[in-house]
Amino acid sequence: MYALSVKDISVTYDKQLALENVSFAVPEGSITGIIGPNGAGKSTLIKSILQLLPTLSGNVEVFHKPIKSQKKIIGYVPQRSEVDWDFPTNALDVVLMGRYNHIGLFKRANKKEVTWAKTCLEKVGMQDYATRQISQLSGGQQQRVFLARAMAQDAKVYFMDEPFAGVDASTEKAIIQLMKEWKAEGKTVLVVHHDLQTVNDYFDHVLLLNKSPIAYGETQTVFTLDNLEQAYGGKIAFLQKAPATVKEST
Ligand code: ADP
Ligand code: MG
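Residues numbered from 1 in each chain as written. Chains lettered and ligands numbered in written order. Predicted model: local features only at pLDDT ≥ 70, side-chain atom pairs only at ≥ 80, totals over all residues. Heavy atoms only, no water.

- As recorded by an unreviewed UniProt entry, the protein chain carries the name Putative zinc transport system ATP-binding protein AdcC and is attributed to Virgibacillus massiliensis.
- We quote the UniProt Sequence similarities (unreviewed entry) comment for the protein chain here in full: "Belongs to the ABC transporter superfamily." (UniProt positions renumbered as here; feature names shortened; annotations may be inferred.)

Structural data, given as structure tokens:
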């Protein structure tokens, strides 16, 4: 059973191709890393899968049904730099937004929903910040609030865009632990990631992307120097030992 199947996605911005013929299929209950250099189209891929962008061509299915009909079971944690953090709202409300699929737009969250949202904040260590404006949180705290929102949503397939960017080590640990819990519950997680050192530890599957897929499959098969060099061009030299030296902690 595939949780996600992507066929032939191509995307252009102002007639410039950003993604070309991207196809891959992700098994249920796995954690997949989407890896590639800056500008490779990683964020574009996630946004086009989620239909937040118009695509030139392509077809996306979630559990073998058109993604349009599956939105309720999809969670999305956008890249932190793409979020308007000045939007006047507090941490608890951001988490409650994750429940709109369950509550219904324009309906007030009931006590049970609020309690659940607070539990999610607690799970990421943010219970003391429920009423804090999101503009007044640190980067790591903002990321934790987004994590709580994703958790509150109780989706089956999660998309996370660079969740580790600019967060401290303890937040990174909390995020990876949550991802592994989700996986243990049979959920499927896709993560845009750029730290090559942690790829072996974090992901079962890897999609190496540079406009089009360079390689896709199980991490140990795909995450090789040869493939990395193809994806990153000549810029990979300083990473010579990366694939071999990452096996320290699990
Ligand atoms: P990544 O997330 O891998 O760093 P992106 O998906 O953000 O890459 O971007 C892929 C390419 O598309 C880049 O060359 C980027 O400059 C371009 N791009 C991204 N968003 C837009 C946009 N809204 N308008 C025009 N070009 C864009
Ligand atoms: Mg990006």
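So, next bit.
## Some details on unusual backbone geometry
Stage number 1. Although it is not a glycine, Asp 8 adopts a positive phi angle of roughly 55°.
Stage number 2. Tracing the sequence through the fold places Asp 8 in strand β1 (residues 2-13).
Stage number 3. Phi angles above zero are rare outside glycine, and Asp 14 is one such case at about 45°.
Stage number 4. By the secondary structure assignment, Asp 14 is in the loop between β1 and β2 (16-27).
Stage number 5. Residue classification places Asp 14 among the exposed residues on the basis of a relative accessible area of 77%. (Helix = DSSP H or I, 4+ residues; strand = E, 2+ residues; numbered from the N terminus. Buried < 20%, exposed > 50% of the residue type's maximum accessible area, 1.4 Å probe, protein only.)

## What to know about the sheet that holds strand β3 (residues 31-35)
Stage number 1. Spatially, six strands are ordered β6-β7-β8-β3-β9-β10 in an open sheet, and the strand pairing comes out mixed. In this open sheet, the two strands that pair with only one neighbour each are β6 (74-77) and β10 (212-218). For this sheet the average axis-to-axis angle between neighbouring strands, irrespective of direction, equals 15°.
Stage number 2. Its contacts with the sheet place helix α6 (residues 169-184) against β3, β7 (157-161) and β8 (188-193), and it is angled at close to 160° to β7. (Pairing = 2+ DSSP bridges. Axes fitted to C-alpha atoms, helices over the stretch in contact; angles between N-to-C directions. Contact = heavy atoms within 4.5 Å.)

## Considerations on the confidence of the model for the protein chain
Stage number 1. The predicted model of the protein chain has a mean per-residue pLDDT of 90, with 90% of residues at 70 or higher.
Stage number 2. Across the protein chain, β3 holds the top mean pLDDT of 98, while helix α10 (residues 242-245) sits lowest at 45.
Stage number 3. Note on residues 240-250: pLDDT is under 50 here. Beyond four places in sequence and across chains, it has 15 contacts. (pLDDT = per-residue confidence, 0-100.)

## Brief notes about the sheet that holds strand β4 (residues 57-62)
Stage number 1. On the basis of which strands lie adjacent, the open sheet formed by four strands has the order β2-β1-β4-β5 and antiparallel pairing. Of all strands in the sheet, those with a lone pairing partner are β2 and β5 (65-66), marking the two edges.
Stage number 2. In terms of strand pairing, β1 meets β2 through eight bridges, oriented antiparallel. When the sheet's bridge partners are listed, Ile 9 is paired in β2 with Val 22.

## With respect to the layout of surface pockets
Stage number 1. In this model, the largest pocket occupies a volume close to 600 Å³.
Stage number 2. Lining the largest pocket are 23 residues, with Leu 52, Tyr 76, Pro 78, Arg 149 and Gln 153 positioned closest to its centre.
Stage number 3. Elements represented by at least two residues in the lining of the largest pocket include exactly β6, α2 (91-97), α3 (100-103) and α5 (139-153).
Stage number 4. Of the residues that constitute the lining of the largest pocket, the class distribution is 14 nonpolar, five polar and four charged. (1 Å grid on protein atoms, 1.4 Å probe; cavity = no way out; pocket = protein on both sides within 12 Å on 5 of 7 lines; lining within 4 Å. Points joined across faces, edges and corners; volume = space filled by probe spheres on them. Nonpolar A, V, L, I, M, F, W, Y, C, P; charged D, E, K, R; others polar.)

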